[in-house]
Amino acid sequence: MSAPFIGKREYFPGIGRIPYEGRESDNPLAFKHYDAGKKVGDKTMAEHLRFAVCYWHSFCNAGHDPFGPGTRAYPWDTAASTPLGRAEDKLDAAFEFFTKLGAPYYCFHDIDMAPDADDVAEYEKNLKHMVALAKERQQATGMKLLWGTANLFSHPRYMNGAATNPDFAVVARAAAQVKAALEATVELGGGSYVFWGGREGYSTLHNTDTKRELEHFARFLAAARDHGRSIGFKGNFLIEPKPMEPMKHQYDFDSSTVIGFLKQHGLDRDFKLNIEANHATLSGHTFEHDLQMASNHGLLGSIDANRGNAQNGWDTDQFPSDLYDTVGAMLVVLRQGGLAPGGLNFDAKVRRESTDRDDLFLAHVGGMDSFARGLEVAHALLTASPWERMRAERYASFDQGPGQSFAQGKLGLAALRDLAAAGGEPVQASGKQERYENLVNQYLMR
Ligand code: XLS
Ligand code: CA
Ligand code: CA
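Going by the annotation in an unreviewed UniProt entry, the name recorded for the protein is Xylose isomerase, with Rhodanobacter lycopersici given as the source organism. As its UniProt record puts it under Catalytic activity (unreviewed entry), the protein is described as follows: "alpha-D-xylose = alpha-D-xylulofuranose".

Asks: Quick question: what am I supposed to make of the overall build of the protein here?
Replies: When helices and strands are tallied, the protein shows 16 helices and 12 strands. In terms of overall dimensions, the protein is globule-like: its C-alpha atoms have a radius of gyration of 24 Å, near the 22 Å expected for 446 residues. Along the first, second and third principal axes, the C-alpha set of the protein runs to 85 × 60 × 45 Å. Summarising the internal contacts of the protein: among those between residues at least 6 apart in sequence, 76% fall at separations of at least 24. As displayed, the protein has an accessible area near 20,400 Å², and 53% of this comes from carbon and sulfur atoms. Of the charged side chains in the protein, 48 are positive and 57 negative, and the gap between their average positions amounts to 4 Å.

Asks: Please explain the UniProt feature "binding site: Mg(2+) 1" (unreviewed entry) in the protein as it appears in this structure.
Replies: Under the present numbering, the feature "binding site: Mg(2+) 1" (unreviewed entry) in UniProt falls on Glu 240, Glu 276, Asp 304 and Asp 347. The greatest C-alpha distance among the annotated residues, which extend across 108 residues, is 11.8 Å, indicating that they converge on a single site. With respect to the element layout, Glu 276 can be found in strand S10 (residues 271–276). The buried category is assigned to Glu 276, whose relative accessible area is 2%. Not counting the four nearest positions on each side in its chain, Glu 276 is found in contact with Glu 240, Phe 287, Asp 304, Asn 306, Asp 315, Asp 317 and Asp 347. One polar contact links Glu 276 to His 279, side chain to side chain, over a distance of 3.0 Å. Structurally, Asp 347 can be placed in the loop between strand S12 (344–346) and helix H12 (359–384). Leave out the neighbours within four places in its chain, and Asp 347 touches Cys 54, Trp 56, His 57, Glu 240, Glu 276, Asp 304, Ala 305, Asn 306 and Asp 317. A distance of 2.9 Å separates polar atoms of two side chains, one belonging to Asp 347 and the other to Trp 56.

Asks: What's the story with the sheet that holds strand S3 (residues 51–54) in this structure? I'm lost.
Replies: Strand pairing within a sheet occurs via backbone hydrogen bonds; the two strands may be parallel or antiparallel. With parallel pairing, the 8 strands of this closed barrel are ordered in space as S3-S4-S5-S6-S8-S10-S11-S12. Here the strands of the sheet are splayed against their neighbours by 30° on average, with no regard to which way each runs. Looking at chain direction, strand S11 (residues 300–304) and S12 are connected through 2 bridges and run parallel. Pairing of Ile 303 across the sheet is with Leu 344, part of S12. Across the sheet, helix H8 (residues 255–264) touches strand S8 (236–240) and S10, and the angle it forms with S10 is around 170°.

Asks: Can you help me understand the coordination of the calcium ion (ligand 3) in this one?
Replies: Geometry sets the ideal angles at a metal, namely 109.5 degrees for four tetrahedral donors and 90 or 180 degrees for six octahedral donors. Donor atoms from the polypeptide that coordinate the calcium ion (ligand 3) comprise Glu 276 (OE), Glu 276 (OE), His 279 (NE2), Asp 315 (OD), Asp 315 (OD), Asp 317 (OD) and Asp 317 (OD), at 2.3 to 3.2 Å from the metal. Of note, the calcium ion (ligand 3) draws all its donor residues from one chain, in the sequence arrangement E-x2-H-x35-D-x1-D. Here Asp 315 falls in the buried class, since its relative accessible area comes to 10%.

Asks: It is not clear to me how the site of ligand 1 should be interpreted in this structure. Could you clarify?
Replies: Neighbouring ligand 1 are Trp 56, His 109, Trp 147, Phe 153, Trp 196, Glu 240, Lys 242, Glu 276, His 279, Asp 304, Asp 315 and Asp 347. A distance of 3.3 Å separates an oxygen atom of ligand 1 from a polar side-chain atom of Trp 56. Here an oxygen atom of ligand 1 sits 2.7 Å away from a polar atom, N or O, in the side chain of Glu 240. Taking 300 Å² as the accessible area of ligand 1 by itself, protein coverage stands at 93%. Class assignment for the residues of the shell around ligand 1 results in 4 nonpolar, 2 polar and 6 charged.

Reading guide: rules and limits
- Residues numbered from 1 in each chain as written.
- Chains lettered and ligands numbered in written order.
- Predicted model: local features only at pLDDT ≥ 70, side-chain atom pairs only at ≥ 80, totals over all residues.
- Heavy atoms only, no water.
- UniProt positions renumbered as here; feature names shortened; annotations may be inferred.
- Helix = DSSP H or I, 4+ residues; strand = E, 2+ residues; numbered from the N terminus.
- Rg over C-alpha atoms; globule rule 2.2 N^0.38 Å.
- Contact = heavy atoms within 4.5 Å.
- Areas by Shrake-Rupley, 256 points an atom, 1.4 Å probe, with all protein chains shown as cover.
- Lys, Arg positive; Asp, Glu negative; His and termini not counted.
- Charge placed at Lys NZ, Arg CZ, Asp CG, Glu CD.
- Buried < 20%, exposed > 50% of the residue type's maximum accessible area, 1.4 Å probe, protein only.
- Polar contact = N/O pair within 3.5 Å; in protein donor to acceptor, adjacent residues only side chain to side chain.
- Pairing = 2+ DSSP bridges.
- Axes fitted to C-alpha atoms, helices over the stretch in contact; angles between N-to-C directions.
- Donors = N, O, S within 2.8 Å, 3.2 Å for Na, K, Ca; no water.
- Near = heavy atom within 4 Å.
- Nonpolar A, V, L, I, M, F, W, Y, C, P; charged D, E, K, R; others polar.

Shown next as structure tokens:
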């Protein structure tokens, strides 16, 4: 990637390209583990991890919460006198950050990048203008788009949902945004297009016909798929599950719910899943659980890399720092042979109390190092430790003889009964959970 792109002015002065300095370094603005060109197995770290920076938390969210406004003054939000001028400044700041950090991808919502407008034609014009500039910046810096999406949840018109709104006029308005955001994604060469359920859900069954809403949702997604394919989009459409927030009940609750929905409506050939760590934990699962369920069906398309908070029951979107989580995630990713065209998008925000300009760098450096270390440890566990052999041996009784016949659907209940009667009480087999946990620690501490 070329030298950091600087727009009209520098937004992160005093910070240059983040170097890799290795695990002995005390430089807070250096990678200790993420060495982009280092080979892990047959791919480089950059090729395995495909890191992306998200536009919304990093450049649009100044730290507001339900109790107060933002705490960070963003220089790209104040200098220009028009919304489009401020959007152009923000684009400069974003590309300066991306290139200084050295993450190869980014993700955006339509109205993160371009000013929103109630008039559809004006909204489209704003987005086209900003997409043309973003395309220039991509060409100048080598940055690539991981995925694009449309924000169908912030505007008050979407308070009762977008694709699942009980009012057709709102559904059509949402479609206008998806059409524009899809076209922007294609123009910028994005590998995937994401649908996060947003306000697709409901507050009370008293006023809601969930059957109709879910049928409309499937129709809407099919229309988006057809339009995307007609304009040359070859990537994956992704659904991002989340169990709660903002609605009480969200239709895309978790991996398994979304997989069932996609299969029911014949959408699983074009749609995969974008699994966010904090959403998985809100649904009562672990991050790895939702990744594994999607991967089992060949439907794990991309990851929103963040973490929740064990004491809070809401979506805190913290930067990933827990190595057990990153090892667990990378075990699933490596076993399925990678994430491309998806990647690891930091859908994460610095804390409201983190107000220095370098905090955004520190957060991403930590997240990238956490996943780089997770990748190395997961790779070593799979290739150098007894892990895979132990797992395989646990299921060895299905590899031959009657176990294999059962797995192939050749044994009925009566035959199984006769085998049980002849075989006597099964020999107890330990699950060895502690042995696996010790292996993770052993390789983490190497
Ligand atoms: C919100 C979601 C959102 C999606 C993109 O909770 O994580 O940011 O990733 O619309
Ligand atoms: Ca997300
Ligand atoms: Ca989230």
